[in-house]
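Architecture at a glance
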Amino acid sequence: MAEKRMAGRDRMARADAIAAGASATGSAAPDAGGWALALKFARRELRGGIKGFRLFLLCLALGVAIIAAVGSVTASALGGLERDAKGLLGGDLEFRLLYQPIDPAQQDFLRAQGTVSETRDMRAMARASDGNRTLVELKAVDALYPLYGAARLDPLLDLQTALGQQNGRWGAVAERALVDRLGLAIGQSVSIGTVEYELRGVIEREPDRGASVFILGPRLMIANASLEETGLVQEGSLIQYHYRLALPPGTDPVGVVEASKANFPDALWRVRGLDEAAPSIQRFIDRTATYLTLVGLSTLLVGGVGVGNAVRAWLDGKIATVATLKCLGASQTLIYRIYLLLVAVMALIGIAIGLAIGAIVPFAIAAPLGDRYALALDPAIYAEPLLLAAGCGFLVAIAFSLFPLIRVRAVPPGTLFRDLVQRMEAKPAAFDLLLLGAIVAALVLLATLTAGDRMLTLWFAAGTIVAFFLFHLAARGLKYLTRRLSANEGQRADKTAAHPGTRWGPIMRLALANIGRPGAPTTSALLSLGLGLTVLVMVALVQANLERELVRSIPAEAPAFYFIDIQGTQIAEFETLVSDFPGVSHVEQEPMLRGRITAVDGVPADRIEPGEGAAWALRGDRGVTWTATPPADSELLSGEWWPADYAGPNLVSIESGVGEGLALEPGDTITVNVLGRPIEATIANLRIVDWTRLDINFVFVFSPGALAGAPSMHIATAQMDSTDAAGALTAQAIEAQEIALQRAVTDRFPNVSAIRVKDAIQAVASIIEGLGTAISLAAMVTLAASLFVLAAAIAAQTHRRRYDAVVLKVLGATRRDIAKSFTIEYGLLGIAAALLALLLGHVAAWALVTFLLETPWSFDPAIALAIVVGGTLAAMVLGFLGTWRVLGTKAAPYLRNE
């Protein structure tokens, strides 16, 4: 009764305000909708507090916080890259070559520009004194390394002291992973090639380590002066030479680069400036940020459903007030503006909360993220990602609030009074739909313009619009279906009233009626739970497909090892050793060099705009080989293979993805620089390569005479048997065979490096896992938001549920009957949401895997079952918990109040 008296006083206050407004304007009616008067009423509404907007604020703040956090962390990481660019690059400029060092004239030029530090990188086998060995990323540094930044060792030592000769022995330092893998301790020996080094420290920080995301082994660092003694430096050895240049203050790096091109137009070096200090990490950060931002937008859209629910529920509590205002002469425009201003104010409050949370995230995760990538993040308040999050949040808040506001504006006063007992709906006008379309277009435009992958963002936007339409359509269909089923069940119940059966008949009928009745939360439940489950299905299926492709689906005939840097004089002995080794079933070897595309049909490579499938081929050196016969299992897409005895002008076969990405056809020409020699060849054919087989294959395969006499190394693969005379071998037995083969080869040929295929795949999988973990966590946040919105939608029905429970009890229903009805109702909603989410998530995942990631697709029934069961249980549990307290309502006091 007290609540009713307060509501009455509230309505009288608003009536007085209307009258005051009328007097102030000198007319019998208030301003037809002036913003000043609307603001005055909005301030009066705010005096009652924000109790009805708690769900609104929480849903909006959560979505805004995720977008702001992702954008701020990305900006922090990129800011760290920019700030530490000199340390990551190792200098103001880097000149990099493959296979061979710069010549004396080039060296003199660089030294004339500033201080020059030389490092050499390659892969090698590290061997402990007990015979254990592993592949390492070997780095040989000179006395000036690092020019910028500092290496940190444990124990604290000067790097040059740790690497120098002491008592006739060279020193080495290694990452913790290598020390643990080989069971080393400080002071023990580790061999590289023919040199036995003394381990003197563990690398805790390598200033330029973050320049690469993909690595096959842990770092081992030695002195540059000792590398020749190892026997690893051979003609054709795959060695990267890095010359880092520290320029005097005030020197323009661009001028130095232009001078290098002018003085050495045919130089093989690739020059990198500070803007390319860590391109692989920058691409990784940008891609991760794009995916996380899209998941954040999903969370914001799910929160938008909660925003709409909150506004609708709050306005339902204002029906009597709005009716009074309209009866006193308030115009539709005035009503609309009053509550639009309230929504805008609440949206700004929710956005401010979300921005505050998102802005502090970079400060919280700077240390762990920096350790992961050897990069000191630059946490700060970044305006651009915060403005993006605020813009998206405000547009979503207004978009989802439009229909509740339209309903209040359009329904006449008499209908509003009837709405106290029977909910009436209003159809939006053409202007309302245009406004909604403009808001959606602005949201898509804002997200697209600020995204790293605009095409992916556009597809996401299109998919989201389709998903909303389908969920709304499914909700309407479910309501119609349940009303029909409930009516049919009622007719059958009347016919069989004389022969009562189980009590589940009326319980099921009641559950179906609750889903289809006016005002039921069916649409909100399907949208909130369905959208969250859709994102979760998509992420889970994409990750499962990538894991299957990278780890679980290694072909049965895949090689166990790749062996690299085999000298031409060693290849015959190598083949004999490996072929005769117990357990080896097949050996394959090919000569290999690496070359860089310099021109396509006479157009320089730096002027080419490649397609998506070929951009990677222009970024660095690619493997090349030469042969008279086509590679095994290759299929020609176009053109023909050259004869086995071909001895004419240079021809080349190109992998079809690169060829199509560069718009090449048979008859076109391409120039590849190999060991400083430009080789122009006519394209004979485009070749389809199945990289998933893991056989030896190359982007470029030349005719035999193209690279005749070039110093080359060989690459080989060895395939192991998985069975012996006794049957299938265990995983432990296979691994023992592989270790034995690795030892035999590297003992006999210290210069040869063995790359275990499983380890290489695991290195790729770890990168995918890191990306997948971040996106999965964000998807779980989206699902949590969905469940919260669903719980809030259920809670908003408490008054109606209490009324239903009282009526049912008066008619003889028990608490158990009512609980069963509510549980069945939300179980059916959960099943419907899960099944539709499974369909939409499946389609989205299939499109991402097939077209974006270009990976074979497979459906995972375990994920499908888990989503359907989990979504159904979640809806049932939330529905039961949300209505449990109404089951204990006593009928008599409630009826007396009514």
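Residues numbered from 1 in each chain as written. Predicted model: local features only at pLDDT ≥ 70, side-chain atom pairs only at ≥ 80, totals over all residues. Heavy atoms only, no water.

**Some thoughts on the overall build of the chain**
The line we're drawing: A run of H or I in DSSP counts as a helix once it spans at least four residues, and a run of E counts as a strand once it spans at least two, with each numbered from the N terminus. Think of it in three bands: with a 1.4 Å probe and only protein chains considered, a residue is buried below 20% of the maximum accessible area for its type, exposed above 50%, and partly exposed in between. By definition in these notes, contact holds between two residues if any of their heavy atoms fall within 4.5 Å. Reported accessibility uses the Shrake-Rupley method at a 1.4 Å probe radius. Residues are deemed covered only where the shown protein chains occlude them.
Of the regular secondary structure elements, the chain holds 25 helices and 23 strands. Within the span of the chain, comprising 898 residues, buried residues form 51% of the whole. Here the contacts in the chain between residues at least 6 apart in sequence split such that 83% fall between residues at least 24 apart. Element-wise, carbon and sulfur atoms account for 60% of the exposed surface of the chain, whose accessible area totals about 40,500 Å².

**Quick word on helix α20 (residues 731-748)**
Which entries qualify depends on this criterion: Expected span of a helix, by definition, is 1.5 Å for each gap between consecutive residues, and there is one gap fewer than residues. In this description, one arc is meant: the one made by directions from the helix axis to the C-beta atoms.
End to end, α20 covers 26 Å across 18 residues, agreeing with the expected 26 Å (1.5 Å per residue, within 8%). Among the residues of α20, those classed as buried are Ile734, Glu738, Leu741, Gln742, Val745 and Thr746. On an axial view of α20, the arc spanned by its buried residues comes to 120°, and they lie on one face.

**Considerations on a nonpolar patch on the surface**
Threshold: Nonpolar side chains (Val, Leu, Ile, Met, Phe, Trp, Tyr) within 5 Å and like charges within 9 Å form the patches, drawn only from residues with over 30% relative accessible area and no salt bridge. Should a side-chain nitrogen of Lys or Arg be within 4 Å of a carboxyl oxygen of Asp or Glu, the pair is scored as a salt bridge.
Residues Leu46, Val345, Ile349, Ile353 and Ile357 make up a contiguous nonpolar surface patch of about 340 Å² in total accessible area. The element best represented in the nonpolar patch is helix α11 (residues 332-373), accounting for four residues. Structurally, the position occupied by Val345 is in helix α11. Exposure remark for Val345: the relative accessible area of 33% places this residue in the partly exposed category.

**Some thoughts on the side chain of Thr823**
Positionally, Thr823 belongs in helix α23 (residues 815-852). Once residues within four sequence positions are removed from consideration, Thr823 is found in contact with Met876 and Phe880.

**With respect to the confidence of the model for the chain**
Operational definition: The quantity known as pLDDT measures the predictor's confidence residue by residue, on a range of 0 to 100.
For the chain, per-residue confidence averages 79 on the pLDDT scale, and 80% of positions sit at 70 or higher. pLDDT under 50 marks residues 497-503. Its contacts with residues more than four places away, or in other chains, come to two contacts.

**Re the nonpolar core**
Convention followed: Here the nonpolar core consists of buried residues drawn from Ala, Val, Leu, Ile, Met, Phe, Trp, Tyr and Cys, with membership extended through side-chain atoms lying within 4.5 Å.
If you look at the biggest cluster of nonpolar residues, it comprises 102 residues, and the most contacted ones within it are Phe56, Leu60, Tyr339, Leu355, Phe471 and Leu531. When residues no more than four places from it in sequence are discounted, the contact partners of Leu60 are Leu300, Val307, Ala347, Gly350, Ile351, Gly393 and Ala397. Residues Ala174, Val195, Val202 and Leu247 belong to the second largest nonpolar core, which totals 52 residues.

**Description of the packing of aromatic side chains**
The description of two aromatic rings rests on the distance between their centres and on the angle between their planes. Note the threshold: Between the rings of Phe, Tyr and Trp (Trp by its six-membered ring), a pair exists once the centres lie within 6.5 Å; its type follows the angle of the planes, with under 30 degrees stacked, over 60 edge-to-face, and the other angles tilted.
Applying the stated rule across the entire model yields eight aromatic pairs. When the ring of Phe264 is compared with that of Trp269, the centres are 5.7 Å apart and the planes differ by 80°; the resulting orientation is edge-to-face. Of the residues examined, Phe264 reaches a relative accessible area of 18% and is grouped as buried. Its relative accessible area of 7% is what places Trp269 among the buried residues. On the basis of an interplanar angle of 55° and a centroid distance of 6.2 Å, the ring pair of Phe574 and Phe749 is categorised as tilted.

**Some points on the side chain of Ser189**
How we decide: Whenever a nitrogen or oxygen atom comes within 3.5 Å of another N or O atom, the pair is scored as a polar contact, on the condition that within protein one atom can donate a hydrogen and the other can accept it, and that pairs from neighbouring residues in sequence are kept only if both atoms are in side chains.
With respect to the helices and strands, Ser189 occurs in strand β6 (residues 189-192). What makes Ser189 buried here is its relative accessible area of 16%. Here Arg169 takes part through its side chain, which lies 2.6 Å from a polar atom of the side chain of Ser189. In terms of polar contacts, Ser189 uses its side chain to reach the side chain of Glu196, at 3.4 Å. Those residues in contact with Ser189, other than ones at most four positions away along the chain, are Arg127, Ala128, Ser129, Arg169, Leu184, Glu196 and Tyr197.

**Quick word on the packing of helix α18 (residues 571-579) against α20**
Inclusion rule: Orientation is described by lines fitted to C-alpha atoms, with helices fitted over the stretch in contact, and by angles between N-to-C directions that extend from 0 to 180 degrees. By definition in this entry, angles of less than 35 degrees are roughly parallel, angles greater than 145 are roughly antiparallel, angles of 65 to 115 are roughly perpendicular, and the rest are oblique. Should the near helix be turned counterclockwise from the far one by less than a right angle, the crossing is left-handed, whereas a clockwise turn marks it as right-handed. In this classification, the charged set is Asp, Glu, Lys and Arg, the nonpolar set is Ala, Val, Leu, Ile, Met, Phe, Trp, Tyr, Cys and Pro, and all remaining amino acids, among them Gly, are polar.
Packing of α18 against α20 brings their axes to within 11 Å, and their N-to-C directions diverge by 155°. Judged by the angle between their axes, α18 and α20 are roughly antiparallel. Seen from above, α18 lies across α20 with right-handed handedness. Side by side, α18 and α20 meet where Glu573, Phe574, Leu577 and Val578 of the first sit next to Leu741, Ala744, Val745 and Arg748 of the second. Of the residues belonging to the contact of α18 with α20, the class tally is six nonpolar, no polar and two charged.

**Remarks on the environment of Gly602**
With respect to the helices, strands and loops of the structure, Gly602 is situated in the loop between β12 (584-600) and β13 (603-604). As for Gly602 and Glu680, which are separated by 78 residues in sequence, their C-alpha atoms are 9.4 Å apart.

**Side note on the pairing of strand β2 (residues 115-128)**
To be explicit about the condition: Strand pairing is assigned whenever DSSP detects at least two bridges linking the two strands.
For β2, the buried fraction is high: 12 of the 14 residues fall into the buried class. Relative to strand β9 (residues 240-246), β2 is paired through seven bridges, and the arrangement is antiparallel. Among the inter-strand pairings, Asp121 is bridged to a residue of β9, identified as Gln240. Between β2 and strand β3 (residues 133-141), which follow one another and run antiparallel, lie four residues, and Gly131 among them has a positive phi close to 100°.

**Let's talk about the environment of Phe749**
The residue Phe749 is located in the loop between α20 and β23 (753-756) in this model. Its relative accessible area of 2% is what places Phe749 among the buried residues. Taking the C-alpha atoms as reference points, Phe749 and Phe574, 175 residues apart in sequence, are found 8.3 Å from one another. When residues no more than four places from it in sequence are discounted, the contact partners of Phe749 are Gln570, Glu573, Phe574 and Leu577.

**What about unusual backbone geometry?**
Here the bond from Tyr145 into Pro146 is cis, since omega is -10°, no more than 30 degrees from zero. Relative to the elements of secondary structure, Pro146 occurs in the loop between β3 and β4 (152-154). Note the cis peptide between Asp154 and Pro155, where omega equals 5°. Take Pro155: it is sitting in the loop between β4 and α6 (159-163).

**Observations regarding the pattern of salt bridges**
Overall, the coordinates contain 16 salt bridges when judged by the stated rule. A salt bridge links Asp747 to Arg133, with the shortest nitrogen-to-oxygen separation between them at 2.7 Å. Residue Asp747 is found in helix α20, and its partner Arg133 is found in strand β3; the two are separated by 614 residues along the sequence. For Arg133, a relative accessible area of 13% translates into the label buried. With a shortest N-O distance of 2.7 Å, Arg756 and Glu738 are connected by a salt bridge. Highlighted residues: Arg756 in strand β23 and Glu738 in helix α20, separated in sequence by 18 residues. Across the pair, exposure class does not vary: Arg756 and Glu738 are buried alike. Three or more residues are tied together by salt bridges with common partners; here these are Glu94, Lys139, Glu206, Asp208, Arg219, Arg244 and Arg272.

**Observations regarding helix α5 (residues 104-113)**
Gln106, Phe109 and Leu110 are the residues of α5 that are buried. Seen end-on, α5 carries its buried residues on one side only, within an arc spanning 95°. Of the residues in α5, the exposed ones pointing more than 90 degrees away from the buried face are Pro104, Arg111 and Ala112. On the buried face of α5, the contacting elements are β1 (93-98), β2, β9 and α8 (253-263). The opening residue of α5, the one whose side-chain oxygen lies 3.2 Å from the backbone nitrogen of Ala105, is Asp103.

**Describing the environment of Thr251**
With respect to the helices and strands, the residue Thr251 is situated in the loop between β9 and α8. With a relative accessible area of 31%, Thr251 lands in the partly exposed category. At a separation of 2.9 Å, a polar atom in the side chain of Thr251 contacts the main-chain carbonyl oxygen of Pro248.

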